[in-house]
Amino acid sequence: MTVEDLRLLIGQDVGLPVLLVLAVEVLRDNPLAEGDMYEGDLLRAVLTRSPAVWNAYPDLARRLTLMVGGLSGLSPDLLSMVEQFVGSVQSS
């Protein structure tokens, strides 16, 4: 499965129990992995899943929170998404 496949399916909320795990593994190695759109498009797809999704997978949410907390040099748009994600996970 390619990064683009992951981005598309996750963006459509398809197969999240399996695909989010795969996506976090990809992002661990390359946080700005890109499909066919732009650098960081997989991270955007993962970060923008609803808080209810992340409530169902708290361990994965914690792993992702730790990973994105150490990122620097993100675009303002992606940085905003990281902050929203971290805030929503911490308030759950």
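See above for the structure.
Given the structure is predicted, the values throughout are model-derived calculations rather than measurements.

Rules and cut-offs
- Residues numbered from 1 in each chain as written.
- Predicted model: local features only at pLDDT ≥ 70, side-chain atom pairs only at ≥ 80, totals over all residues.
- Heavy atoms only, no water.
- Helix = DSSP H or I, 4+ residues; strand = E, 2+ residues; numbered from the N terminus.
- Expected span 1.5 Å × (residues − 1).
- Buried < 20%, exposed > 50% of the residue type's maximum accessible area, 1.4 Å probe, protein only.
- Arc of directions from axis to C-beta.
- Contact = heavy atoms within 4.5 Å.
- Phe/Tyr/Trp six-rings, centres within 6.5 Å; stacked < 30°, edge-to-face > 60°.
- Core = buried A, V, L, I, M, F, W, Y, C linked by side-chain atoms within 4.5 Å.

Peer 1: In this structure, what is going on with helix α2 (residues 16–29)? I would like to understand it.
Peer 2: Side chains of residues three or four places apart in an α-helix project in the same direction, reflecting 3.6 residues per turn. Helix length check: α2 (14 residues) gives 20 Å between terminal C-alpha atoms against 20 Å at 1.5 Å per residue, within 8%. Of the residues making up α2, those classed as buried are Leu-16, Leu-19, Leu-20, Ala-23, Val-24 and Leu-27. Take α2 and look down its axis: the buried residues cluster within an arc of 140°, on one side only. Of the residues in α2, the exposed ones pointing more than 90 degrees away from the buried face are Val-18, Arg-28 and Asp-29. Buried-residue contacts for α2 involve α1 (3–11), α3 (41–47), α4 (51–56) and α5 (58–69).

Peer 1: Help me understand the packing of aromatic side chains, please; the structure alone is not making it clear to me.
Peer 2: Aromatic rings considered in pairs are described by the distance between their centres and by the relative angle of their planes. Scanning the entire structure with this criterion turns up 1 aromatic pair. Ring centres 5.2 Å apart and planes at 80° place the aromatic pair Trp-54 and Phe-85 in the edge-to-face group. A residue pair is termed long-range when its members are at least 10 positions apart, and Trp-54 in helix α4 and Phe-85 in helix α6 (residues 76–90) qualify at 31 residues.

Peer 1: What should I look at first to understand the nonpolar core in this one?
Peer 2: Across soluble globular proteins, you tend to see nonpolar side chains buried next to one another. Ile-10, Val-46, Trp-54 and Leu-64 are the most contacted members of the largest nonpolar core, which has 28 residues in total. Beyond its immediate sequence surroundings of up to four residues, Val-46 is in contact with Ile-10, Leu-20, Ala-23, Leu-27, Trp-54 and Leu-64.

Geometry only, nothing functional implied.
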